[in-house]
Amino acid sequence: MQLVHLHALNDFDEWRLAARCLLRAGLEPDEVVWRDPYAEPELFETADPLPDGNRPVNAVPPAFLALAQTVVSHSDPQRFALLYSVLWRLQRDRHVLDLATDVDVARLNKMASAVRRDSHKMKAFVRFKTVADDSGIARFAAWFEPDHFSLEITAPFFARRFDGMNWAIVTPYRSAAWDGNQLTFGEGGSKADVPSEDAVEDDWKTYFSSIFNPARLKVAMMKSEMPVKYWRNLPEAELIAPLIRGARESVQQMIERNASQPPSRHLRKLERLPEPGAPFAPLTTLADARAAVQNCQRCPLHEHATQAVFGHGPERGQLMFVGEQPGDHEDLAGQPFVGPAGKVLDAALIKVGIDRDRVYLTNAVKHFKFIPRGKRRIHQRPDGGEVQACKFWLDLEIAQVRPRIIVALGATAAQSLLGKPVTISALRGAPIPMTDGTILFVTNHPSYLLRIADQAARETERLKFETDLDMVRSAAEHLSPALDTA
Amino acid sequence: MAALTMRRKLAILSDAAKYDASCASSGTEKRSSAGTGGIGSTEGSGICHSYAPDGRCISLLKILLTNFCVYDCIYCVNRSSSNVPRARFTVEEVVRLTLDFYKRNYIEGLFLSSGIIRSPDYTMEELVRVARSLRQDHHFAGYIHLKVIPNATPELLAEAGLWADRLSTNIEMPTDLGLEALAPEKRPAEIRTAMARVRGKLDEAAPDSKAKAKPRKFAPAGQSTQMIVGADAADDGAILHRAAGLYSGYKLRRVYYSAFSPIPDASARLPLKAPPVMREHRLYQADWLIRFYGFDVPEIISGGHDGLLDLDIDPKLAWALRNRALFPVDVNRADCEMLLRVPGLGTRSVDRILVTRRHHRLRLDDVARIAGSIDKVRPFIEAADWSPGHLTDDSKLRARLVPPPQQLSLF
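Definitions and limits used
- Residues numbered from 1 in each chain as written.
- Chains lettered and ligands numbered in written order.
- Predicted model: local features only at pLDDT ≥ 70, side-chain atom pairs only at ≥ 80, totals over all residues.
- Heavy atoms only, no water.
- Helix = DSSP H or I, 4+ residues; strand = E, 2+ residues; numbered from the N terminus.
- Buried < 20%, exposed > 50% of the residue type's maximum accessible area, 1.4 Å probe, protein only.
- Areas by Shrake-Rupley, 256 points an atom, 1.4 Å probe, with all protein chains shown as cover.
- Lys, Arg positive; Asp, Glu negative; His and termini not counted.
- Charge placed at Lys NZ, Arg CZ, Asp CG, Glu CD.
- Axes fitted to C-alpha atoms, helices over the stretch in contact; angles between N-to-C directions.
- Parallel < 35°, antiparallel > 145°, perpendicular 65-115°, else oblique.
- Left-handed = near helix turned anticlockwise from the far one by under 90°.
- Contact = heavy atoms within 4.5 Å.
- Buried area = accessible area lost by both parts, 1.4 Å probe.
- Salt bridge = Lys/Arg side-chain N within 4 Å of Asp/Glu carboxyl O.
- Polar contact = N/O pair within 3.5 Å; in protein donor to acceptor, adjacent residues only side chain to side chain.
- Nonpolar A, V, L, I, M, F, W, Y, C, P; charged D, E, K, R; others polar.
- Arc of directions from axis to C-beta.
- Pairing = 2+ DSSP bridges.
- UniProt positions renumbered as here; feature names shortened; annotations may be inferred.
- Patch = residues over 30% accessible without salt bridge, like charges linked within 9 Å, V, L, I, M, F, W, Y side chains within 5 Å.
- pLDDT = per-residue confidence, 0-100.
- Phe/Tyr/Trp six-rings, centres within 6.5 Å; stacked < 30°, edge-to-face > 60°.
- Core = buried A, V, L, I, M, F, W, Y, C linked by side-chain atoms within 4.5 Å.
- Right-handed = clockwise from strand over helix to strand, strands pointing away.

Caption draft 1: Spotlight on the overall build of chain B. Along the backbone of chain B there are 14 helices and twelve strands. With respect to the principal axes defined by its C-alpha atoms, chain B has extents near 75 × 55 × 40 Å. Burial statistics for chain B: of 411 residues in total, 61% are counted as buried. Of the accessible surface of chain B, which amounts to about 16,100 Å², a share of 53% is contributed by carbon and sulfur atoms. Each charge class in chain B was averaged separately, 57 positive and 48 negative side chains, and the resulting centres sit 3 Å apart.

Caption draft 2: How the structure looks around the packing of helix α13 (residues 384-401) of chain A against helix α14 (residues 411-418) of chain A. All names here are of chain A. Here α13 crosses α14 at 70°, and the two axes come no closer than 9 Å. Here α14 runs roughly perpendicular to α13, going by the angle between their axes. Pair α13 / α14 crosses with right-handed handedness. Residues G384, V387, K391, L394 and I398 of α13 form the contact with α14, whose own contacting residues are T412, Q415, S416 and L417.

Caption draft 3: Here's a closer look at the interface of chain A and chain B. Taken residue by residue, the interface counts 83 residues in chain A and 94 residues in chain B. Interface area lost by chain A to chain B is led by R161, Y207 and R216 of chain A, which between them contribute 11%. In this structure, the salt-bridge partner of E303 of chain A is R242 of chain B, at a minimum N-O distance of 2.9 Å. Across the contact surface, chain A and chain B share 46 residue pairs in polar contact (both at pLDDT 80 or more). Counted by class, the side of chain A that touches chain B contains 39 nonpolar, 21 polar and 23 charged residues.

Caption draft 4: Just the packing of helix α3 (residues 120-137) of chain B against helix α4 (residues 154-163) of chain B, in detail. Residue and element names in this part refer to chain B. Packing of α3 against α4 leaves a shortest axis separation of 9 Å and a crossing angle of 25°. The angle between α3 and α4 falls in the class roughly parallel. For the crossing formed where α3 meets α4, the hand is left-handed. Where α3 approaches α4, its residues D121, M124, E125, V128, A131, R132, R135 and Q136 are matched on the opposing element by L156, E159, A160 and W163. Of the residues contributing to the contact of α3 with α4, the split by class is six nonpolar, one polar and five charged.

Caption draft 5: Inspection of helix α2 (residues 62-71) of chain A at higher detail. Of the residues making up α2 of chain A, those classed as buried are F64, L67, A68, T70 and V71 of chain A. Buried residues of α2 of chain A fall within an arc of 160° about the axis and therefore sit on the same side.

Caption draft 6: The environment of N444 of chain A, seen in detail. Residue and element names in this part refer to chain A. With respect to the secondary-structure elements, N444 resides in the loop between β14 (439-443) and α16 (446-451). Classification of N444 as buried rests on a relative accessible area of 10%. Along the backbone, N444 and A413 are 31 residues apart, and their C-alpha atoms lie at a distance of 9.8 Å. A polar atom in the side chain of N444 sits 3.5 Å from the side chain of E461.

Caption draft 7: A look at the sheet that holds β14 of chain A. Read across the open sheet, the five strands follow the order β9-β8-β12-β14-β13 (chain A); overall the sheet is mixed. The open sheet is flanked by β9 (359-363) and β13 (432-433) of chain A, the only strands paired with a single partner.

Caption draft 8: Looking closely at the UniProt feature "domain: Uracil-DNA glycosylase-like" (unreviewed entry) in chain A. In the numbering used here, UniProt assigns the "domain: Uracil-DNA glycosylase-like" (unreviewed entry) feature to residues 310-472 of chain A. Annotated as residues 310-472 of chain A, this span is 45% helix and 18% strand, and its ends, taken at the C-alpha atoms, are 23 Å apart.

Caption draft 9: A nonpolar patch on the surface, seen in detail. All names here are of chain A. Judged by side-chain polarity, L267, L270 and L273 come together as a nonpolar surface patch covering roughly 230 Å² of accessible area. One can find L270 in helix α9 (residues 264-272). We classify L270 as partly exposed; its relative accessible area is 41%.

Caption draft 10: Spatial organisation of the confidence of the model for chain B. Here chain B shows a mean pLDDT of 92. Residues at 70 or above account for 98%. Under the prediction, the complex receives an ipTM of 0.93, its pTM being 0.92.

Caption draft 11: Layout of the packing of aromatic side chains. A complete count under the given rule lists 31 aromatic pairs over all chains for this structure. Between F128 of chain A and F140 of chain A the ring centres are 6.5 Å apart and the planes differ by 70°, which places this aromatic pair in the edge-to-face class. Of the two residues, F128 of chain A is situated in the loop between α4 (103-125) and β3 (129-131) and F140 of chain A in strand β4 (residues 139-143); the sequence distance between them amounts to twelve residues. In this structure, F128 of chain A and F140 of chain A share a single accessibility class: buried. Residues F101 of chain B and Y106 of chain B carry aromatic rings whose centres are separated by 5.5 Å and whose planes lie at 70° to one another, so their mutual orientation is edge-to-face.

Caption draft 12: Structural context of the side chain of H74 of chain A. Residues and elements named next belong to chain A. Considering the arrangement of structural elements, one finds H74 in the loop between α2 and α3 (79-90). A polar contact of 3.0 Å, which involves the side chain of H74, links it to the backbone nitrogen of D76. Once residues lying within four places of it in the same chain are set aside, the contact partners of H74 are R79, M111, A114, V115, H148 and F149.

Caption draft 13: Region of interest: the pattern of salt bridges. Within this structure, the stated rule accounts for 62 salt bridges over all chains. Here K205 of chain A and E238 of chain A are joined by a salt bridge, their closest N and O atoms 3.3 Å apart. Remark: E238 of chain A occurs in the loop between α7 (219-225) and α8 (240-256) and K205 of chain A occurs in helix α6 (residues 201-211); sequence separation between them is 33 residues. Note that K269 of chain A is salt-bridged to E185 of chain B, the shortest N-O span being 2.9 Å. Remark: E185 of chain B occurs in the loop between α5 (176-182) and α6 (188-205) and K269 of chain A occurs in helix α9; the pair is interchain, linking two chains. On the accessibility criterion, K269 of chain A (13% relative accessible area) is buried.

Caption draft 14: Expanded view of the nonpolar core. Among the nonpolar cores identified, the biggest contains 168 residues, and F128 and W167 of chain A together with Y75, F101 and L240 of chain B are the most heavily contacted of them. Setting aside residues up to four positions removed in sequence, Y75 of chain B forms contacts with E172, M173, L179, L182, A183, K186, I228, F260, I263 and L270 of chain B.

Caption draft 15: Representation of the UniProt feature "domain: Elp3/MiaA/NifB-like radical SAM core" (unreviewed entry) in chain B in the model. Within this numbering scheme, the UniProt entry marks residues 59-286 of chain B as carrying the feature "domain: Elp3/MiaA/NifB-like radical SAM core" (unreviewed entry). Across residues 59-286 of chain B, helical content stands at 40% and strand content at 14%; the span's end C-alpha atoms are separated by 24 Å.

Caption draft 16: Local environment of the confidence of the model for chain A. Model confidence for chain A is summarised by a mean pLDDT of 91, while 95% of its residues fall at 70 or above. Here residues 482-486 of chain A scores under 50 on pLDDT; set against residues more than four positions off or in separate chains, the count is eleven contacts.

Caption draft 17: Spatial organisation of the sheet that holds strand β6 (residues 109-113) of chain B. Residue and element names in this part refer to chain B. The strand order across the open sheet formed by six strands is β5-β6-β7-β8-β9-β10, and the pairing between neighbours is parallel. Sheet topology places β5 (60-64) and β10 (252-259) at the edges, where each strand pairs with a single neighbour. Pairwise comparison of adjacent strand axes, ignoring direction, gives a mean angle of 20° for this sheet. Pairing geometry for β5 and β6, over five bridges, is parallel. Among the inter-strand pairings, L64 is bridged to a residue of β6, identified as S113.

Caption draft 18: Spotlight on the environment of M111 of chain A. Residue and element names in this part refer to chain A. Within the secondary structure, M111 sits in helix α4. Residues M111 and K191, spaced 80 residues apart in sequence, show a C-alpha to C-alpha distance of 27 Å. What M111 contacts, discounting residues up to four positions off in sequence, is V71, H74, D76, R79 and L82.

Caption draft 19: Region of interest: the pairing of β6 of chain B. Residue and element names in this part refer to chain B. The buried fraction of β6 is high, at five of five residues. Burial of β6 is two-sided: the residues G109, F111 and S113 facing one way and the residues L110 and L112 facing the other way are all buried. For the handedness criterion, the β-α-β arrangement of β5, helix α2 (residues 91-103) and β6 is classed as right-handed. As paired elements, β6 and strand β7 (residues 143-147) share four bridges and run parallel to each other.

Caption draft 20: Representation of the environment of G142 of chain B within the structure. Relative to the assigned elements, G142 of chain B resides in the loop between α3 and β7. Contacts of G142 of chain B, omitting those with residues within four sequence positions, involve R31, I39, G40, S41, T42, Y102, E108, R135 and D165 of chain B.

Right under this line is the structure:
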């Protein structure tokens, strides 16, 4: 029987060195007895020197090293033996750790997660207290009782977090200290080694009791996340019992007390508000309509869209383009034609020589219609009722901008303007005189081009789209030679 | 009026902040004070430093800058018609309190909100000043969550995102009608526009592999929102539909559901009864299914009744019981998507099943060891040595899987 006496409680490198010697010597797990410094030596027991050997040692998966580094901090006296036994098996089968169902592997995983939890709780429940000092530099100390030997793996976290502080954490088995430059470890200590109070503690207790909502008592939940064993070192814990005791009564009192007379400050504010039911001002300008459309609830689309996207362009203009509805980008930006389809339109306008800044751009429907699909919003075509409801706003825009030529982009826009369902192919390519004297052109919506997968077909459609727009340009020039042909 | 002590202000302004459900301090960039002489760090996953008896974690110092407010939202304890005691912190006081608490390891950082005073811009500017001072004057590297005041200028929003880890704009109510009824001065479109602006800034800050210059960082922990549940008549379908729309539209990290809880000096129009905490819990579970399990809202709602989730069983089990034709699922063959739909199997269990089954065929015991508990799983799976037979279709299955009633709260 080989006896291995480790000097440290949780030194991974020390264990690894020993384990490697044992593997070289070919010692099976049940031929080795591991002792940590806490273990009571048996009578006449002395540590054997580590054996020598020259058997080859296989590399182990990195996952095992990570696991072992955590597990050595566990308080179970069996940890070293268990690690050696799994290491032994890994020499023959590299996939042992993949078997989540293996008894040893499950035990190691459980031990590792207990250590991680212990370390996490240390990060959470260490409470620093100010150490009285004449030097003028604030110094802090905390007493903590971990279940495992987790101070060493946790202290670097505190060093990263509290770089500009001098602090020490004292545990029963060891202590850690940071002086602003260096992390050092020393002997363990006792609760009496750190101050029992702190000047800020009463503020903290005030916060703890005020943030508690007595109407939602969930004591079991609290205890599962903040186990009672930690309470003796948490200053706020003494408040928990009285808070629970008083909860029911304070909620009852709150519910029974009727709402009081509002304060005079509030009543003065009410006096300054306009009378409810005051008549709506008529929408006589584009600016009025732009403001009012944000409150539009003529159809249900307002509910999930970000905002109404009103038209954009000169207050008076000869040319108006009407699309279907804002898309994802337009909905977020509050501007029409700023997304991918807008880019296609821009390119075509430049190509045929129409200055976008002199065109009034808008949509038949002002709110974005979509269905959520994971992290994306999928565009949905507005139905006839929605188009009809929104015609009010489009009519207002037409009445204010007074365009001579309107271009309907896509079937929805054409339907809105003509008041009936239409097909693009039947109408495109020729001006349509409207009863109010404007001229309507119909073409595809630019997003149609984006949906064509085949490059050659897309190119053909793009040329047709540009031809349509070119016809619009020459019609506009015919109306007014002054229209920019940049 | 006599000046309030600091401690009295703290009591008033933390009491006023306790109805906001969000508490997380997770999901931000990795950051530390190492070598800076400052204090603070964030390492991805947040830390809960304490728990209140209401079961909620205390991770951040959650306070209002002031609980004075010009708005009169009926559900809110700080509405202008309420007679709660009022207080206001100075920017310096909040900074000092945050640092004092942080240095004692009470908190992970600050979650600062505010009643709206003077104007949205004025209020937002004050919030931004606190965060700026913490970061610039004190080299504070801890977590900061700022509340966005809808209608504040985009410039203030942009600066808020420079200092804060997370920004949140509360949607408040599940439907616009609900908001109109209970918060007549708030405009739903303004709230959503604020979220859209934050999203735009988040998009700008997203690293672009093609661009050489690294974009300026903006709220690395993203944005979140809160919805009050049970103050109006909106059903779970409306709530989840709203949430799904918000996730897809504004890249939200989280939607927090807050069971409406009685408030002091409350209006008679409010339901003054125990908060529907079980409903809130089921909504969180449903939200989880939408974000991580590939469920969509109609599927989840179809597991309940009349637009409400089943309160007795979790929404995944409710869905499975209504869709038994899709079960049992063979744990040795089924694809990941289908395994994720098995009640009792979480994402981690499914990952471990997928790895383990590469090496040997899983038996029921193996699944039990991986899942931790097998009762809920058993009727819905097949394993090497197990077939549920008629158990899947047993009419008493639901009754068997409903957990025994337990006392949830004092009421």
